[in-house]
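Here are the chains, one letter per residue:
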Amino acid sequence: MSHRRTGTPTRTRGAHRNKPVFRVLPLASAIIAAIPAAFAQAQETVGLEEIIVTAQKRTESLQDVPVSVLAFDTQKLEELGVQDMDDYLKFLPSVSYQTFGPGFAGVYMRGVASGENRNHSGPLPSVGMYLDEQPITTIQGPLDIHMFDIQRVEALAGPQGTLFGASSQSGTIRIITNKPDPTGFSTAYNVSGNTVEYGGEGYAAEGYVNIPVSDNIAIRLVGWSRYDAGYIDNEPGTRQYFPPNSFLVNNANRAQDDVNDVETYGGRGALKIDLNDRWTVTGTVMGQVQDTDGTFSEDETKGNLNVVHFFGDTAEDSWVQGALTIEGKISNLDLVYSVSYLDRDNTGETDYSDYTYFYDVYYYDLYGSGLSLYLYDDAGNFINPTQFFQSRDVYNKHSQELRLSSPSDWRFRFVTGLFFQRQFHSIEQRYRIGGDLTTFYEITGWPDTIWLTEQDRIDRDYAIFGEFSYDLQDNLTLTAGLRVFKAKNSLKGFFGFNPNYSSRTGEAICFDQTDFDGAPCIDLDKAVKEYGSTPKISLSWKIDDDRMIYGTISRGYRPGGINRRGTFPPYVSDFLTNFELGWKSEWRDNTLRFNGAFFYERWEDFQFSFLGENGLTNITNAGAADVFGVEADFLWVPTDQLTVGGGFSLIDADLTEDFCLSLDAEGEPLPEALCAPADFAPSGTRLPVTASFKTNATARYEFNAYTLPSFVQGSVVYNSSIRPEMLPSDTALVGKQDAYVTVDFSAGVEYGNASLEVFLNNAFDERYDVNRFVQCNVCTAQNAVVGQPRTLGIKFGQKF
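Residues numbered from 1 in each chain as written. Predicted model: local features only at pLDDT ≥ 70, side-chain atom pairs only at ≥ 80, totals over all residues. Heavy atoms only, no water.

1. Topic: the overall build of the chain
Okay, step 1: Scanning the chain from N- to C-terminus turns up 5 helices and 42 strands.
Okay, step 2: For the chain, whose C-alpha radius of gyration is 27 Å, the value lies close to the compact-globule estimate of 28 Å for 800 residues.
Okay, step 3: Overall size of the chain, expressed as C-alpha extent along the three principal axes, is 80 × 60 × 55 Å.
Okay, step 4: Within the chain, the fraction of its 800 residues that count as buried is 59%.
Okay, step 5: Once local pairs closer than 6 in sequence are excluded, the contacts in the chain between residues at least 24 apart make up 70%. (Helix = DSSP H or I, 4+ residues; strand = E, 2+ residues; numbered from the N terminus. Rg over C-alpha atoms; globule rule 2.2 N^0.38 Å. Buried < 20%, exposed > 50% of the residue type's maximum accessible area, 1.4 Å probe, protein only. Contact = heavy atoms within 4.5 Å.)

In structure tokens form, the structure reads like this:
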């Protein structure tokens, strides 16, 4: 298949493109027509299959865990066609996210979001992400893992601060891989192809093999390669800067259709050794490379799925993780020791022309000359002032955990352990001018560079934790837990301008002239330490074998850190206190599962990051919010042929105090009377990012077509409208994310060990936003990161 369309079609701004669309109605009609005949086949009532989870760091049935957990096993992930993070997040009712493209997602749960910009010197995430036993949370975003040969995804809603610690403030998402199995050989593979409306063609190939080496040793090897077609066009365009520069720039050498294609390839190798019937060692190495071209956003002033960029938008996200887990028994106690090391290297180049142009306009309107006045070469000739930035983020993440747990059938049970984590983040962001910038303004030793960030950030976390459960009666259990932690954050290096360009940042304020990773000097060296604890108490009542209710009070936290702007004080940990009443239930002879929870959460002194003077990210602890909500999920299997499942969340998350972006000399928000209107959000303002209502439903019907096992399936996802920013003025600047509905269809057939499936994602070609932004606070060009248009594909697989 061709990866690229050539040529640039003519189109009306804001209109759909002049390309034939897929015919959805005939397919839908065929599916509907097939269902009555299929229902005529013999039906047999069956029960629900048990789902095993490790949400409490011990193996338990989902229905016995007094925690709000939604779990997708291998079969469910395959049925939903999950290939990446976007695919499974949309089916988690309590989860919301913003993204700029693969590898750059911010994940939030239960409405706990302030709209932070996820800058490298900003707050840590509020949702913990785990790969098996290891945390994979980074500031940039969690690893965007290709989802093949995955045993289970678990989403734990609400603070998980006792067992999972830092950055599991509002919840935790765990990806658990399939492990080597010494009991037998198995292998499988899938190949697929697809075509994207208004875009190109994509493909994927994936496979695994499980090889028993002996009765107690097995190896599992997994590999994948995937190409995702682009659908955003970089249209030809020009931009005229303001006098006296008046430079005219064009993008003739970069205009191209379908620029945002992605190539992903990776693999996993695991070795499991059963030393005896009590001790097991499992080692895993997993890695992935993801090359992204182009932007995933559209400029709404340029039309549907269009941008006009003057420099390339590229990113390469490569990572490798090694992990070792030792599991065994000491007397009757279970011991688990896990150690992991993650190395992640992300490089990229991003067009920054909006920032350049709109600040030129801003200065021209104020002073009668554009900011580009200062951009010339050594001969004094004006140059192309358009900016772009080149970045490199290198993460080294090391974690260790040792825990001990009692048998699950003891009346008094416990899980206790020690945890350590160190994340090193090397940051380089080089903002460059398109022309040959004079050495008078460029950073010393960095040609054409107007701004440079060269910093090392280190986050450390030490903790001791324990959770204890006691059966007051056979059906009544009291659980209490506590995690005591120490956190340290440090940031050292260089950021800013040449001293001839600015006297407030960069070389002008350096206090150490030592070279720092190539930067000319050091103007930042700060660290902060914190100590604290996160408690939990829960009472669960098993009404009968099929129904349980529980009440929980728990607390989660996110570590604090330092501000690189010297006039700003450090920001401290923010805490989320959770009051929850939940239920687990099965009904109708074990054919209907209905779980859920009501919750109230109090978020105090939350961390809020924003762009201040010179575009520097500032973080402050300011404001408080209340979150009221209900979340639920269900699974109904009335016959052995029909399965219906889904979930929903209703969330009301509002500020409970007035919020002002401007701070006084003590670092406290100014009162409303002194606060600029653009910097103010009154009490009652809704928190950003999270939809007030999110729901999904999936129906799958299985039948025999001429003796061949077959199925048809449909899924629908609805999100209500979203405010992408916390401040009303910022929301007005970037625009709201409208409510949307997406519908997916699939149908397939099996023959022996082979399967063939046809799928149609976003069947009605809903145009929806997953993020909105502008490049600066004086920019008026609204950018929307849009979801993938309608995609038709076919997949073939075999299992042996």
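Anyway, onward from the coordinates.
2. Side note on the state of the cysteines
Okay, step 1: Under the defined criterion, the tally for this structure stands at 3 disulfides.
Okay, step 2: Note on cysteine connectivity: Cys 510 is disulfide-linked to Cys 521, with sulfurs 2.0 Å apart. Between Cys 510 and Cys 521 the disulfide shows an S-S torsion of about 65°. By sign, it is right-handed. Separated by 11 residues along the polypeptide, Cys 510 in the loop between strand 25 (476–496) and strand 26 (524–544) and Cys 521 in the loop between strand 25 and strand 26 bring together distant segments of the chain.
Okay, step 3: The class for Cys 510 is buried, based on a relative accessible area of 14%.
Okay, step 4: Between Cys 776 and Cys 779 runs a disulfide, and the two sulfur atoms are separated by 2.0 Å. Sign of the S-S torsion, about 100° for the bond between Cys 776 and Cys 779, identifies this disulfide as right-handed. There is no split in this pair, since Cys 776 and Cys 779 are both buried. (Disulfide = S-S within 2.5 Å.)

3. With respect to the packing of aromatic side chains
Okay, step 1: For the coordinates displayed, the defined rule picks out 40 aromatic pairs.
Okay, step 2: Look at Trp 451 and Phe 497: their rings are 4.8 Å apart centre to centre, the planes differ by 85°, and that puts the pair in the edge-to-face class. One end of the pair, Trp 451, is in strand 24 (residues 449–473); the other, Phe 497, is in the loop between strand 25 and strand 26, with 46 residues separating them in the sequence.
Okay, step 3: Residue Phe 497 is classed as buried on the basis of its relative accessible area, which comes to 10%.
Okay, step 4: Look at Phe 579 and Tyr 600: their rings are 5.8 Å apart centre to centre, the planes differ by 20°, and that puts the pair in the stacked class. Residue Phe 579 is found in strand 28 (residues 574–587), and its partner Tyr 600 is found in strand 29 (residues 592–604); the two are separated by 21 residues along the sequence.
Okay, step 5: One aromatic cluster is present, formed by Tyr 352, Tyr 355, Tyr 359, Tyr 362, Tyr 363, Tyr 367, Phe 389 and Tyr 431 through successive ring pairs. (Phe/Tyr/Trp six-rings, centres within 6.5 Å; stacked < 30°, edge-to-face > 60°.)

4. Focus on the nonpolar core
A general feature of soluble globular proteins is that nonpolar side chains tend to end up buried together.
Okay, step 1: Within the largest apolar cluster, 55 residues are counted, with the highest numbers of intra-cluster contacts made by Tyr 88, Leu 89, Leu 92, Ile 145 and Ile 173.
Okay, step 2: If one sorts the elements of this core by residue count, strand 8 (residues 150–157) sits on top with 4 residues.
Okay, step 3: Discounting residues that sit within four places of it in the chain, Leu 89 has contacts with Val 95, Tyr 97, Val 107, Ile 173 and Lys 694.
Okay, step 4: One finds Tyr 241, Val 361, Leu 491 and Leu 524 within the second-largest nonpolar core, a separate group that totals 34 residues. (Core = buried A, V, L, I, M, F, W, Y, C linked by side-chain atoms within 4.5 Å.)

5. Some remarks on the sheet that holds strand 8
Okay, step 1: Reading across the sheet, the 5 strands line up as 3-8-9-6-7 and stay open at both edges, with mixed pairing between neighbours. Edge positions in the open sheet fall to strand 3 (69–73) and strand 7 (134–135), since each of these has one partner strand only.
Okay, step 2: Of the pairings in the sheet, the one linking strand 3 to strand 8 comprises 5 bridges and is antiparallel in character. Among the inter-strand pairings, Asp 73 is bridged to a residue of strand 8, identified as Arg 152. (Pairing = 2+ DSSP bridges.)

6. Observations regarding a negative patch on the surface
Okay, step 1: Taken together, the side chains of Asp 605, Glu 657, Asp 658, Asp 664, Glu 666, Glu 668 and Glu 672 make up a negatively charged region of the molecular surface.
Okay, step 2: Along the chain, the position of Glu 657 falls in the loop between strand 33 (642–655) and strand 34 (659–660). (Patch = residues over 30% accessible without salt bridge, like charges linked within 9 Å, V, L, I, M, F, W, Y side chains within 5 Å. Areas by Shrake-Rupley, 256 points an atom, 1.4 Å probe, with all protein chains shown as cover. Salt bridge = Lys/Arg side-chain N within 4 Å of Asp/Glu carboxyl O. Lys, Arg positive; Asp, Glu negative; His and termini not counted. Charge placed at Lys NZ, Arg CZ, Asp CG, Glu CD.)

7. Re a nonpolar patch on the surface
Okay, step 1: On the surface, a nonpolar cluster with roughly 760 Å² of combined accessible area is contributed by Phe 412, Phe 468, Tyr 470, Leu 472, Leu 478, Ile 537, Leu 539, Ile 553 and Phe 579.
Okay, step 2: At the level of secondary structure, the elements contributing two or more residues to the nonpolar patch comprise strand 24 and strand 26.
Okay, step 3: Per element, the largest residue contribution to the nonpolar patch is 3 residues, and it comes from strand 24.
Okay, step 4: Position of Leu 478 relative to the elements: it lies in strand 25.

8. Overview of the sheet that holds strand 41 (residues 783–786)
Okay, step 1: Taken in spatial order, the 3 strands make up an open sheet running 18-41-40, and their pairing is antiparallel. Looking at strand neighbours, the two that pair on one side only are strand 18 (297–299) and strand 40 (769–773), the edges of this open sheet. Shown here is a sheet whose adjacent strand axes are inclined to one another by a mean of 30°, direction ignored. (Axes fitted to C-alpha atoms, helices over the stretch in contact; angles between N-to-C directions.)

9. Things to note about the pattern of salt bridges
Opposite charge on two side chains permits them to pair, given that their charged atoms come into close proximity.
Okay, step 1: Evaluated as defined, the whole model comprises 36 salt bridges.
Okay, step 2: Note that Asp 64 and Lys 542 form a salt bridge whose closest N and O atoms lie 2.9 Å from each other. In this pair, Asp 64 sits in the loop between strand 2 (60–61) and strand 3 while Lys 542 sits in strand 26, placing the two residues 478 residues apart along the sequence.
Okay, step 3: Among the residues examined, Lys 542 registers a relative accessible area of 22% and is labelled partly exposed.
Okay, step 4: For Arg 152, the salt bridge identified is with Glu 154, shortest N-O distance 2.6 Å.
Okay, step 5: Assessed through its relative accessible area of 0%, Glu 154 is described here as buried.
Okay, step 6: Each of Lys 57, Glu 133, Glu 401 and Arg 403 takes part in one network of salt bridges that share partners.

10. Focus on the side chain of Gln 775
Okay, step 1: Mapped onto the elements, Gln 775 comes out in the loop between strand 40 and strand 41.
Okay, step 2: A polar side-chain atom of Gln 775 sits 3.2 Å from the main-chain amide nitrogen of Asp 354.
Okay, step 3: One polar contact links the side chain of Gln 775 to the main-chain amide nitrogen of Tyr 355, over a distance of 3.0 Å.
Okay, step 4: Excluding its chain neighbours within four sequence positions, the residues that come into contact with Gln 775 are Asp 351, Tyr 352, Ser 353, Asp 354 and Tyr 355. (Polar contact = N/O pair within 3.5 Å; in protein donor to acceptor, adjacent residues only side chain to side chain.)

11. Observations concerning the environment of Lys 488
Okay, step 1: Inspection of the secondary structure puts Lys 488 in strand 25.
Okay, step 2: Relative accessible area serves as the criterion here: at 26%, Lys 488 is assigned to the partly exposed category.
Okay, step 3: The spatial distance from the C-alpha of Lys 488 to the C-alpha of Ala 527 is 7.1 Å, given a sequence separation of 39 residues.
Okay, step 4: In this view, Lys 488 contacts Ile 458, Asp 459, Arg 460, Ala 527, Val 528 and Lys 529; residues no more than four positions away in its chain are not counted.

12. A look at the confidence of the model for the chain
Detailed reading of predicted coordinates is not advised where the pLDDT is low.
Okay, step 1: Averaged over the chain, the pLDDT score is 90; the fraction of residues at 70 or greater is 93%.
Okay, step 2: The low-confidence segment residues 1–44 (pLDDT under 50) makes 82 contacts with residues lying over four places distant or belonging to another chain. (pLDDT = per-residue confidence, 0-100.)

13. Overview of the pairing of strand 40
Okay, step 1: For strand 40, the tally of buried residues reaches 5 of 5 residues, placing the bulk of the element in the interior.
Okay, step 2: With 4 bridges joining them, strand 40 and strand 41 adopt antiparallel strand pairing. Bridged to Phe 773 within strand 41 is Asn 783.

14. Observations concerning helix 4 (residues 353–367)
Okay, step 1: Given a rise of 1.5 Å per residue, 15 residues ought to cover 21 Å, and the 21 Å separating the end C-alpha atoms of helix 4 matches this to within 8%.
Okay, step 2: As for helix 4, its buried residues are in contact with strand 14 (238–240), strand 21 (333–351), strand 22 (387–405) and strand 41.
Okay, step 3: Positive phi appears at Gly 368, one or two residues downstream of helix 4, with a value of about 85°. (Expected span 1.5 Å × (residues − 1).)

15. Section: the environment of Glu 235
Okay, step 1: For Glu 235, the location among the structural elements is in the loop between strand 13 (233–234) and strand 14.
Okay, step 2: Sequence separation between Glu 235 and Glu 766 is 531 residues, and the spatial gap between their C-alpha atoms is 22 Å.

16. As for the side chain of Thr 282
Okay, step 1: Here Thr 282 shows up in strand 17 (residues 280–293).
Okay, step 2: Looking at Thr 282, the relative accessible area reads 7%, which means it is buried.

17. Observations concerning the pairing of strand 26
Okay, step 1: Bridge analysis of strand 25 against strand 26 gives 18 bridges, and the strand direction is antiparallel. The residue of strand 26 that forms the bridge with Lys 492 is Asp 525.
Okay, step 2: Of the pairings in the sheet, the one linking strand 26 to strand 27 (residues 547–558) comprises 8 bridges and is antiparallel in character. By the bridge assignment for strand 27, Lys 542 is matched with Met 548.
Okay, step 3: Hairpin connection, strand 26 to strand 27: the antiparallel pair is bridged by 2 residues.

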